[in-house]
Amino acid sequence: MSEVGPLFRMVCTPEALAGAPDGWAAETLRDGEVAWLIDDGGLETINAAAHALDLITVSIVRSEESEALQAETVMAFAGSFPLVWVGPRFSDSVRTWARERRPMTLLVEADGQLPAEERGRIGRFLALLGRQTE
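These figures come from a predicted structure and were not determined experimentally.

*Asks:* Honestly, the packing of aromatic side chains in this entry has me stumped. Any pointers?
*Replies:* Aromatic rings in a pair are described by how distant their centres are and how their planes are angled relative to each other. This model, assessed by the stated rule, comprises two aromatic pairs. Taking the centre distance of 5.2 Å and the plane angle of 75 degrees together, the rings of Trp85 and Phe90 count as edge-to-face. Judged by its relative accessible area of 6%, Trp85 falls in the buried class. With a centroid separation of 6.2 Å and an interplanar angle of 80 degrees, the aromatic rings of Trp85 and Trp97 are classed as edge-to-face.

What follows is the structure, given as structure tokens:
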């Protein structure tokens, strides 16, 4: 993370970053802040991901009773930061929110580990974001 704070926020399950090439997640998140969504592995997978990324503390997005409420919580967490949001699917209202908000937003549909092409999309998004903040 940069000395002045994160340049972006990322929301995903720990599984999304599992299976990425060594160092990819740490490098990707270097200037950002990740908040985990709890998946079927619960806190154990979050703890394992924290160890893999050498994070001493982590943020967890609270779980909600419905997909709509979960989306609202993630949107509230995004605040005024650019956002990378990895999830299995996104509603039309989330897509509209992402398209219309001022900070850059990347929605990545992935159920489980991020495929190589999606890691590439995230890399390009963050490179573009980095050029805009120079």
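What follows continues from the structure just given.
*Asks:* Just checking my understanding: could you explain the layout of surface pockets for this structure?
*Replies:* Left-over empty space is what a probe sized like a water molecule reveals as it rolls over the atoms. Approximately 690 Å³ is the volume found for the largest pocket. As for the largest pocket, its lining consists of 30 residues, of which Leu37, Glu67, Gln70, Gly87 and Pro88 are closest to the centre. Taken together, the elements giving at least two residues each to the lining of the largest pocket come down to α1 (14-17), α4 (67-78), β4 (83-87) and α5 (92-100). It is α4 that contributes the most residues to the lining of the largest pocket, seven residues altogether. Its residues assigned to classes, the lining of the largest pocket comprises 14 nonpolar, eight polar and eight charged.

*Asks:* Where do I start with the environment of Gly32 in this structure?
*Replies:* Position of Gly32 among the secondary structure elements: in strand β2 (residues 32-37). Here the alpha-carbon distance between Gly32 and Phe8, two residues 24 residues apart in the chain, equals 4.8 Å.

*Asks:* Looking at this structure, how should I read helix α6 (residues 116-132)?
*Replies:* Helical geometry note: an α-helix holds 3.6 residues per turn, so side chains three or four residues apart project in the same direction. Here α6 spans 25 Å end to end across 17 residues, near enough to the 24 Å set by a 1.5 Å rise per residue. Among all positions of α6, only Glu118, Arg119, Ile122, Phe125, Leu126 and Leu129 are buried. Projected down its long axis, α6 carries its buried residues within an arc of 120 degrees, all on one side. Residues of α6 that are exposed and angled more than 90 degrees away from the buried face: Glu117, Arg124 and Arg131. In this structure, the buried residues of α6 make contact with β1 (8-12), α2 (24-28), β4 and β5 (105-109).

What counts and what doesn't
- Sequence order as written defines the numbering, with residues in each chain counted from 1.
- A pLDDT threshold of at least 70 governs which residues receive local features in this predicted model, and a stricter bar of 80 or more applies before side-chain atom pairs are shown or counted, although totals over entire chains, interfaces and linings include all residues.
- To get the side-chain values, take all heavy atoms of the structure and skip hydrogens and water.
- By convention, a stacked pair of Phe, Tyr or Trp rings (six-membered ring in the case of Trp) has centres within 6.5 Å and planes under 30 degrees apart, an edge-to-face pair has planes over 60 apart, and any other such pair is tilted.
- Only protein chains enter the accessibility calculation, which uses a 1.4 Å probe; a residue whose area is less than 20% of its type maximum is buried, one above 50% is exposed, and one in between is partly exposed.
- Note on definitions: the grid is 1 Å and covers protein atoms alone; a cavity is a set of points where a 1.4 Å probe fits but cannot get out; a pocket is an open set with protein on both sides within 12 Å along at least five of seven lines; lining residues have an atom within 4 Å of a point.
- Grid points are joined across faces, edges and corners, and a volume is the space filled by probe spheres set on the points.
- Secondary structure elements are taken from DSSP: a helix is a run of H or I of four residues or more, a strand is a run of E of two residues or more, and numbering for both begins at the N terminus.
- Each residue is assigned to one class: nonpolar for Ala, Val, Leu, Ile, Met, Phe, Trp, Tyr, Cys and Pro, charged for Asp, Glu, Lys and Arg, and polar for all the others, Gly among them.
- Multiply 1.5 Å by the residue count of a helix minus one, and that product is the helix's expected span.
- Taking the helix axis as origin, the arc is that swept by the directions to the C-beta atoms.
- Residue contacts are counted whenever heavy atoms from the two residues lie within 4.5 Å of one another.

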